[in-house]
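# Geometric and topological summary
Okay, here's what each chain looks like letter by letter:
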Amino acid sequence: MSLHLDRLTLSHFRSHLRAGMVLDGRPVALFGPNGAGKTNVLEAVSLLSPGRGLRRARPDDIARAPENLGWKITAALTTPDAQHEITTWAEAGQSRQTRIDGKAAPQTALGALAAVVWLTPAMDRLWTEGAEGRRRYLDRMALSFFPGHADAVLSYEKAMRDRNRLLRDQVRDAAWYAALESQMAQAGAVLSANRTAALDRLARATEDAATAFPTADLALTGPDGEGLLPQSAPDIATALAESRRRDLAAGRTLTGPHRTDLTAVYRAKGVAAAQASTGEQKALLISLILANARALHQDRGAPPLLLLDEVSAHLDADRRAALYDELTVLGAQAWMTGTEPGLFSDLGPRAQMFTVTETGGTSSITERPMP
């Protein structure tokens, strides 16, 4: 069984005044010059999942300028069990709204219908940037397996913001801290369990796979390579209580799951991913995305929607062809972007091809036959 979009319509979404695509479940290749609006299409698909999408944009930042009337995405989604009509939108100055089959729904309901996994050029720096980016990547993976993970993240972060406010104001009433730390501990234990389980699913999906892409051994650590931070609710609560004096001096919370880091070791060479070449780092990322997709296929009975922005960058022709073969075997509706149609020639009739152009600040999308 497959998971795919049958139709996608954009209205006043970034550079797209109005655009529509009719799809048949095959991978989707979008090509056109830089700035034409290709990534905007992928961003729209990413907003069919909980959260702020692959650009982490605020609703008002997405609306097409200069009108700034708000924006709207409508999609027909086929899942292994049913077909659904999804609409998500935001009016100017308002928060994002979602309807599923004509009924108002929370964003978390989107995660229960479909998993969406993405790889963007900004993620090429994953292994060399700060820990915050790796935590976001880790939480996106966990969210793909556990739709409720987003609620735990929000609960933890809200309680931590309130605790940090007390710290900045130099409040010393233990009762105020204890209440917030209890909330952080409960949500933090869920965060930690989901992150650990997600890495375990990736490891198992990687072990049994025949792939042309190198594998990485992943692990959770504390900041700056310290040992693993407390995982259980009682241990997190104890660590927070013991850290109050230090946190008061710093004016912020210095321990907890929000300090977790993700490390990766290139298995074949036994070196940290941060020390691998640019091409090897990109190949390792693709390997993780494919492992994530295989694990979700096993869990849900269908692979996720895969969004692969400029995926051919840093890949030679052999690896690019190997990626297309793996996507085809996986059966995923992968959405890929590139500047030239020749980048997708190895896909042949296995994909739908669309050209994206921009004229006078307005993007258009046209289906093209494969060359």
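If you're wondering where the values come from, they're calculated on a predicted model, not measured in any experiment.

### Quick word on the nonpolar core
With 92 residues, the main nonpolar core has Leu 5, Leu 8, Met 21 and Trp 335 as its most contacted residues. In terms of residues, this core owes the most to one element, helix H9 (residues 278-300), which gives 11 residues. In this structure, Leu 5 is in contact with Leu 23, Gly 25, Val 45, Leu 48, Ala 75, Ala 76, Leu 77, Leu 305, Gln 333 and Trp 335, ignoring residues within four places of it in sequence.

### Regarding helix H10 (residues 317-330)
Across its 14 residues, H10 extends 20 Å between first and last C-alpha, which sits within 8% of the 20 Å expected from 1.5 Å per residue. Packed against the buried residues of H10 are H9, strand E12 (305-308) and strand E13 (334-338). Two or three places before Asp 318, at the start of H10, stands the capping residue Asp 316, its side-chain oxygen 3.3 Å from that residue's backbone nitrogen. Looking one or two residues past H10, Gly 331 carries a phi angle of roughly 80°, positive in sign.

### Here we look at the packing of helix H6 (residues 174-207) against H9
To describe two helices that pack against each other, one gives the angle between their axes and the distance between the axes. At their nearest, the axes of H6 and H9 sit 8 Å apart, and the two run at 95° to each other. Taken together, H6 and H9 sit at an angle that is classed as roughly perpendicular. Taking contact as the criterion, the partners of Arg 201, Leu 202, Ala 205 and Thr 206 in H6 are, on H9, Leu 288, Ala 291, Asn 292, Arg 294, Ala 295, Gln 298 and Asp 299.

### Some remarks on helix H5 (residues 149-168)
Its 20 residues give H5 an end-to-end C-alpha distance of 28 Å, which sits within 8% of 28 Å, the value for a rise of 1.5 Å per residue. Taken together, the buried positions of H5 are occupied by His 149, Ala 150, Ala 152, Val 153, Tyr 156, Ala 159, Met 160, Arg 163, Asn 164, Leu 166 and Leu 167. Residues of H5 that are buried make contact with helix H4 (131-145), H6, helix H7 (233-242) and helix H8 (244-250).

### Notes on the pattern of salt bridges
Inspection of every chain in the model, using the stated rule, returns 22 salt bridges. One salt bridge connects Arg 26 with Asp 24, and the closest N-O pair in it is separated by 2.8 Å. On the basis of relative accessible area, Arg 26 is assigned to the partly exposed category, the value being 29%. Of the residues examined, Asp 24 reaches a relative accessible area of 43% and is grouped as partly exposed. In this structure, Arg 244 engages Glu 181 in a salt bridge whose closest nitrogen and oxygen atoms are separated by 2.7 Å. Of the two residues, Arg 244 sits in helix H8 while Glu 181 sits in helix H6, which places them 63 residues apart along the sequence. The exposure class of Glu 181 is buried, given its relative accessible area of 2%. Taken together, the shared-partner salt bridges connect Arg 163, Glu 181, Arg 244 and Asp 247 into one network.

About the cut-offs
Residues numbered from 1 in each chain as written. Predicted model: local features only at pLDDT ≥ 70, side-chain atom pairs only at ≥ 80, totals over all residues. Heavy atoms only, no water. Core = buried A, V, L, I, M, F, W, Y, C linked by side-chain atoms within 4.5 Å. Buried < 20%, exposed > 50% of the residue type's maximum accessible area, 1.4 Å probe, protein only. Helix = DSSP H or I, 4+ residues; strand = E, 2+ residues; numbered from the N terminus. Contact = heavy atoms within 4.5 Å. Expected span 1.5 Å × (residues − 1). Polar contact = N/O pair within 3.5 Å; in protein donor to acceptor, adjacent residues only side chain to side chain. Axes fitted to C-alpha atoms, helices over the stretch in contact; angles between N-to-C directions. Parallel < 35°, antiparallel > 145°, perpendicular 65-115°, else oblique. Salt bridge = Lys/Arg side-chain N within 4 Å of Asp/Glu carboxyl O.

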